[in-house]
Amino acid sequence: DQTRLWGEGMWVAVLDDDAQVRAVLERLLQRAGCAVAAFERSSGLFAALEGRPSLRQVVVVTDLFLDGENGVDVLRQVRRAISPQRPPRASARRSP
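Before going into details, it helps to say that this report is about the structure given with it. (Residues numbered from 1 in each chain as written. Predicted model: local features only at pLDDT ≥ 70, side-chain atom pairs only at ≥ 80, totals over all residues. Heavy atoms only, no water.)

Quick look at the pattern of salt bridges
Side-chain pairs of opposite charge can arise where the charged atoms are in close proximity.
Part 1 of the argument: Throughout the structure, instances matching the rule amount to two salt bridges.
Part 2 of the argument: Across the pair Glu 69 and Arg 41 runs a salt bridge, and its minimum N-O distance is 3.7 Å. Of this pair, Glu 69 sits in strand E5 (residues 69-70) while Arg 41 sits in the loop between strand E2 (35-39) and helix H2 (42-50), placing them 28 residues apart in sequence.
Part 3 of the argument: Glu 69 gets classed as buried once you look at its relative accessible area, which sits at 18%.
Part 4 of the argument: Its relative accessible area of 38% is what places Arg 41 among the partly exposed residues. (Salt bridge = Lys/Arg side-chain N within 4 Å of Asp/Glu carboxyl O. Helix = DSSP H or I, 4+ residues; strand = E, 2+ residues; numbered from the N terminus. Buried < 20%, exposed > 50% of the residue type's maximum accessible area, 1.4 Å probe, protein only.)

In structure tokens:
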């Protein structure tokens, strides 16, 4: 009897300008059973979203302080692109 992983069947996009953070999050989410796509820039994320025919459930994990971009603005654009009725969810912890 196999235990089902919590992330099994979930598609998660990771957006972070720090390569080490992307790599750690990608490994962690893959171990949980998620299909993961990691991006340095939002342009790559949006290209990937356009290529997905069914976007009923998409999870985006993003750095809020991206180099040259604002993570909250990116989440708003994702929401408009895939589901205008649902508000984005954000969580942040700022390092000192």
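Section: the environment of Val 14
Part 1 of the argument: By the secondary structure assignment, Val 14 is in strand E1 (residues 11-15).
Part 2 of the argument: Each C-alpha atom of the pair Val 14 and Glu 26 lies 7.2 Å from the other, and the pair is 12 residues apart in sequence.
Part 3 of the argument: Here Val 14 is in contact with Arg 22, Leu 25, Leu 29, Val 36, Ala 37, Ala 38, Phe 39 and Val 61, once residues within four sequence places are set aside. (Contact = heavy atoms within 4.5 Å.)

As for the nonpolar core
Part 1 of the argument: Of all hydrophobic cores here, the largest spans 14 residues; its most connected members are Leu 45, Leu 49, Val 60, Val 74 and Val 78.
Part 2 of the argument: Secondary structure elements with two or more residues in this core: E1, E2, H2 and helix H3 (71-82).
Part 3 of the argument: By size, the runner-up hydrophobic cluster in this structure holds five residues, among which are Val 12, Val 14, Cys 34 and Val 36. (Core = buried A, V, L, I, M, F, W, Y, C linked by side-chain atoms within 4.5 Å.)

Side note on the packing of H2 against H3
Part 1 of the argument: Relative orientation of the contacting elements H2 and H3 amounts to 15°, with a least axis distance of 11 Å. In terms of orientation, H2 and H3 fall into the roughly parallel class. Note that H2 runs across H3; the crossing there is right-handed. Contacts from Ser 42, Leu 45, Phe 46 and Leu 49 of H2 reach H3 at Val 74, Gln 77 and Val 78.
Part 2 of the argument: A class-by-class count of the residues in the contact of H2 with H3 yields five nonpolar, two polar and no charged. (Axes fitted to C-alpha atoms, helices over the stretch in contact; angles between N-to-C directions. Parallel < 35°, antiparallel > 145°, perpendicular 65-115°, else oblique. Left-handed = near helix turned anticlockwise from the far one by under 90°. Nonpolar A, V, L, I, M, F, W, Y, C, P; charged D, E, K, R; others polar.)

Things to note about the side chain of Arg 22
Part 1 of the argument: Structurally, Arg 22 can be placed in helix H1 (residues 19-31).
Part 2 of the argument: Arg 22 has contacts with Val 14, Asp 16, Asp 17, Ala 38, Phe 39 and Glu 40, leaving out every residue within four places of it along the chain.

Some points on the sheet that holds strand E3 (residues 59-62)
Part 1 of the argument: As summarised here, the arrangement of the three strands in space is E2-E1-E3, forming an open sheet in which the pairing is parallel. This sheet does not close on itself; its edge strands, each paired only once, are E2 and E3. Going from strand to strand, the sheet's axes swing by 20° on average, the running direction of each strand aside.
Part 2 of the argument: In this structure, E1 lies alongside E3, joined through four bridges in parallel fashion. Its bridge partner lying in E3, Val 14 is registered against Val 61.
Part 3 of the argument: Strand contacts of H1: E1, E2 and E3, with the helix running at about 170° to E2, the strand carrying the most contacts. (Pairing = 2+ DSSP bridges.)

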